[in-house]
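Spelled out, the chains give:
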Amino acid sequence: MLRTLILTLTALLCTHAVHGRTFVVCAGISDYPGTFNDLHVSDNDARTLHRIFQKNGASCTTLVNNDVTVQRLLAALQVSFMQASSKDIIIFFFSGHGYPGGLCLYDTRLAYENIFDIMRKSHAGSKIIITDACFAGKMRKNESRPQMTSPRNIMLFLSSRSAEKSIEGPHRNSLFTLHLERALRGGADINRDRVITASELFSYVHQRVVRASGGRQHPVMWGNFNKNMPVIKWHEK
């Protein structure tokens, strides 16, 4: 009896150690400078992801619209991700316009390599980039190199293939973020262990986005990472 109790307590302590803290930076731009490039729900996508991660105990920083400048975003990533230890998770979520190899911020472009540089310096055990943008699959490429090399242990979850649009739809969120939120609220937890892994997240979101879009949009997961990498330890619906 005593031995069983000790083993149970040890298992609980080990589980807690594996699933440490989570640091999240969300950015969304609906209102770009001028009137030709505006979107409808990208700023709300960022707020939605902020809420779901914060409810589940993550430390969250969110920037929207004209606050999503290169200087402010890189500073937020630096401050947040440098706090992480090897047992922690760091996540960057972006919703807005992109280009091959990077993101279109409010003031200028930002290459993924600049984000990778910060993530490389973080001691986090799990490192995740989630992007919701049209033609997001093209972001794996840039003008100088046909295919980017993802640093070790960084996962990219992109909302669509390189030739596809990411559908905004009639909801308060884009199609991808709508199902991403549902997944993170526990929908993707196939084995009901309260931990959603990269493979569980992809399986849930990909299947539902493809179905809801009538095959017009296919999310892509890419990078050098363990498919069992934890994304969230959820407890709030």
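About the thresholds
Residues numbered from 1 in each chain as written. Predicted model: local features only at pLDDT ≥ 70, side-chain atom pairs only at ≥ 80, totals over all residues. Heavy atoms only, no water. Helix = DSSP H or I, 4+ residues; strand = E, 2+ residues; numbered from the N terminus. Buried < 20%, exposed > 50% of the residue type's maximum accessible area, 1.4 Å probe, protein only. Contact = heavy atoms within 4.5 Å. Areas by Shrake-Rupley, 256 points an atom, 1.4 Å probe, with all protein chains shown as cover. Pairing = 2+ DSSP bridges. Axes fitted to C-alpha atoms, helices over the stretch in contact; angles between N-to-C directions. Patch = residues over 30% accessible without salt bridge, like charges linked within 9 Å, V, L, I, M, F, W, Y side chains within 5 Å. Salt bridge = Lys/Arg side-chain N within 4 Å of Asp/Glu carboxyl O. Lys, Arg positive; Asp, Glu negative; His and termini not counted. Charge placed at Lys NZ, Arg CZ, Asp CG, Glu CD. Parallel < 35°, antiparallel > 145°, perpendicular 65-115°, else oblique. Polar contact = N/O pair within 3.5 Å; in protein donor to acceptor, adjacent residues only side chain to side chain. Disulfide = S-S within 2.5 Å. Core = buried A, V, L, I, M, F, W, Y, C linked by side-chain atoms within 4.5 Å. Expected span 1.5 Å × (residues − 1).

Peer 1: When you look at the overall build of the protein in this model, what are you seeing that I'm missing?
Peer 2: Looking only at helices and strands, the protein has 6 helices and 11 strands in total. Every one of the 237 residues in the protein was classed for burial, and the buried ones make up 52%. Excluding contacts between residues fewer than 6 apart, the proportion of contacts in the protein whose partners are at least 24 apart in sequence is 74%. Of the accessible surface of the protein, which amounts to about 11400 Å², a share of 53% is contributed by carbon and sulfur atoms.

Peer 1: In this structure, what is going on with the sheet that holds strand 6 (residues 109–111)? I would like to understand it.
Peer 2: For sheets, the rule is that strands pair by backbone hydrogen bonds, running either parallel or antiparallel. The strand order 4-5-6 describes an open sheet built from 3 strands, whose pairing is antiparallel. Two strands lie at the open edges of the sheet, namely strand 4 (98–99) and strand 6, each paired on one side alone. As judged from the 3 bridges shared by strand 5 (residues 102–104) and strand 6, these two strands associate in the antiparallel manner. Within strand 6, the residue paired with cysteine 104 across the bridge is arginine 109. Each of strand 5 and strand 6 touches helix 4 (residues 112–121); the most contacted strand, strand 6, lies at about 50 degrees to it.

Peer 1: Sorry, what's going on with a positive patch on the surface here?
Peer 2: A surface patch of positive charge is lined by Arg51, Lys55, Arg182 and Arg185. Of all the elements in the fold, those that place two or more residues in the positive patch are helix 2 (42–55) and helix 5 (175–187). Counting through the fold element by element, arginine 185 comes out in helix 5.

Peer 1: Mind showing me how you'd approach the packing of helix 2 against helix 5 here?
Peer 2: Think of two packed helices as two axes; the pair is described by the angle between the axes and how far apart they sit. Running from N to C, helix 2 and helix 5 point in directions that differ by 0 degrees, and their axes come no closer than 10 Å. Taken as axis vectors, helix 2 and helix 5 run roughly parallel relative to one another. Listed contacts from helix 5 to Asp45, Thr48, Leu49, Ile52 and Phe53 of helix 2 are Thr177, Leu180, Glu181, Leu184 and Arg185.

Peer 1: How should the side chain of glutamate 168 be read in this particular structure?
Peer 2: The topology assignment puts glutamate 168 in the loop between strand 8 (154–158) and helix 5. A distance of 2.9 Å separates a polar side-chain atom of glutamate 168 from the backbone nitrogen of histidine 40. Among residues more than four places away in sequence, those in contact with glutamate 168 are Leu39, His40, Val41, Ser42, Asn173, Ser174 and Leu175.

Peer 1: For this particular structure, what's the right way to read the state of the cysteines?
Peer 2: Two cysteines form a disulfide when their sulfur atoms are joined by a covalent bond. Evaluation of the coordinates by the stated rule reveals 0 disulfides. Free of any disulfide, cysteine 26 has its nearest cysteine sulfur in cysteine 60, 5.9 Å distant. According to the relative accessible area criterion, cysteine 60 is buried, its value standing at 16%.

Peer 1: Where do I start with unusual backbone geometry in this structure?
Peer 2: Among all residues save glycine, negative phi is the norm, and among peptide bonds the norm is trans. Phi at asparagine 65 takes a positive value of approximately 50 degrees, unusual for a residue other than glycine. Overall, the relative accessible area of 15% leaves asparagine 65 in the buried class.

Peer 1: Explain the nonpolar core here, please?
Peer 2: The nonpolar side chains of a soluble globular protein tend to be buried with one another. Within the largest apolar cluster, 34 residues are counted, with the highest numbers of intra-cluster contacts made by Leu73, Phe81, Phe92, Ile115 and Ile129. Among the secondary structure elements, those contributing two or more residues to this core are strand 1 (22–28), helix 3 (70–81), strand 3 (89–95), strand 5, helix 4, strand 8 and strand 10 (220–224). Cys60, Phe176, Leu201 and Met221 belong to the second largest nonpolar core, which has 33 residues in total.

Peer 1: Teacher, can you tell me more about helix 2 here?
Peer 2: Three- or four-residue spacings in an α-helix give side chains the same orientation, since the helix completes a turn every 3.6 residues. Between its first and last C-alpha, helix 2 extends 20 Å over 14 residues, near the 20 Å set by a 1.5 Å rise per residue. Counting buried positions along helix 2 gives 10 out of 14 residues, so the element sits mostly inside the fold. Of all the residues in helix 2, the buried ones are Ser42, Asp43, Asn44, Asp45, Ala46, Thr48, Leu49, His50, Ile52 and Phe53.

Peer 1: It is not clear to me how the environment of histidine 171 should be interpreted in this structure. Could you clarify?
Peer 2: With respect to the helices and strands, histidine 171 occurs in the loop between strand 8 and helix 5. Spatially, the C-alpha atoms of histidine 171 and valine 41 are 8.4 Å apart, while their sequence positions differ by 130 residues. Every residue in contact with histidine 171, bar those within four places of it in the chain, is listed here: Val41 and Leu178.

Peer 1: How do you make sense of the pairing of strand 7 (residues 126–132) when you look at a structure like this?
Peer 2: Both faces of the sheet carry side chains from a regular strand, because those side chains alternate between them. When you tally the buried positions in strand 7, you get 7 out of 7 residues, the bulk of the element. Of the two faces of strand 7, both are covered, the one formed by Ser126, Ile128, Ile130 and Asp132 as well as the one formed by Lys127, Ile129 and Thr131. Across 7 bridges, the pairing between strand 3 and strand 7 is parallel. Looking at the pairing, serine 95 lines up with aspartate 132 of strand 7. The pairing of strand 7 with strand 8 spans 5 bridges and is classified as parallel. By the bridge assignment for strand 8, threonine 131 is matched with leucine 158.

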